[in-house]
Amino acid sequence: MSEIDQISERILHELSRDGRLSNIALAERVGLSPSACLRRVQELERQGIITGYRAVLDRTKLGAGFVAYIGVGLNEHSKASQLAFERAISRAPEVRECHNITGTIEYLLRVECADIAAYKSFHTDMLGALPHVNSITSYVVMGSPKDERA
């Protein structure tokens, strides 16, 4: 891992808040010349510290305002079972995140659907139909007072 100095930390902080920030504005905010700032950003990208830039979408305006986190337990603790589950989940557009975790379950999913009826269909017809799924526990999001995902 590369050492990150205070200027690079400030660059990362500013870009994480606004990835569309121009190089000139970024340079002003971190106290560098535009050319020095651009070199720093390019080096952070080259090192893989900055892996990309994204648009943050308002999913409710796109018809996916229902959000749930789902804990999924598998009936077999094998690599083949995990790979089969991950392949199936990768094809489900409702699944926005899939994390293999430790504890009493194997996976934590973030699912976004239009409404509770669409979620029920996903839960029953997709997730519940997978042969390796042993348990499903849903946590419906009622609000998100802090969400820093980009």
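Fair warning: this is a prediction, and the values are worked out from it, not measured in the lab.

Colleague: If you had to explain the pattern of salt bridges to someone new, which residues and values would you point to?
Modeller: Under the counting rule described, the total for this entry stands at 10 salt bridges. For the salt bridge of E14 with R17, the shortest nitrogen-to-oxygen distance reads 3.7 Å. Highlighted residues: E14 and R17, both in helix 1 (residues 6-17), separated by three residues, approximately one helical turn. By relative accessible area, which is 12% here, E14 ends up buried. Owing to a relative accessible area of 57%, R17 belongs among the exposed residues under this scheme. One salt bridge connects R59 with E112, and the closest N-O pair in it is separated by 2.7 Å. Here R59 is found in the loop between helix 3 (34-46) and strand 1 (66-74), whereas its partner E112 is found in strand 3 (residues 107-113), with 53 residues between them in sequence. Classification of E112 by relative accessible area gives buried; the value is 7%. Residues joined in a network through salt bridges with shared partners are R59, R96, E97, R110 and E112.

Colleague: Give me the lowdown on the nonpolar core, citing residues and values where you can.
Modeller: With 19 residues, the main nonpolar core has V72, F85, L109 and L127 as its most contacted residues. Those elements giving two or more residues to this core turn out to be strand 1, helix 4 (79-90), strand 3 and helix 5 (116-127). Formed by 10 residues, the second largest nonpolar core is a distinct cluster that contains I11, L26, V41 and L44.

Colleague: Describe the pairing of strand 1, and please don't skip the residues or the numbers.
Modeller: The element strand 1 is extensively covered by neighbouring structure, given that eight of its nine residues are classed as buried. Where strand 1 meets strand 3, seven bridges bridge the pair, whose relative direction is antiparallel. Each bridged residue has a counterpart across the sheet, and for Y69 the counterpart in strand 3 is R110. The pairing of strand 1 with strand 4 (residues 133-140) spans seven bridges and is classified as antiparallel.

Definitions and cut-offs
- Residues numbered from 1 in each chain as written.
- Predicted model: local features only at pLDDT ≥ 70, side-chain atom pairs only at ≥ 80, totals over all residues.
- Heavy atoms only, no water.
- Salt bridge = Lys/Arg side-chain N within 4 Å of Asp/Glu carboxyl O.
- Helix = DSSP H or I, 4+ residues; strand = E, 2+ residues; numbered from the N terminus.
- Buried < 20%, exposed > 50% of the residue type's maximum accessible area, 1.4 Å probe, protein only.
- Core = buried A, V, L, I, M, F, W, Y, C linked by side-chain atoms within 4.5 Å.
- Pairing = 2+ DSSP bridges.

Remember, this is a structural readout, not a statement about activity or role.
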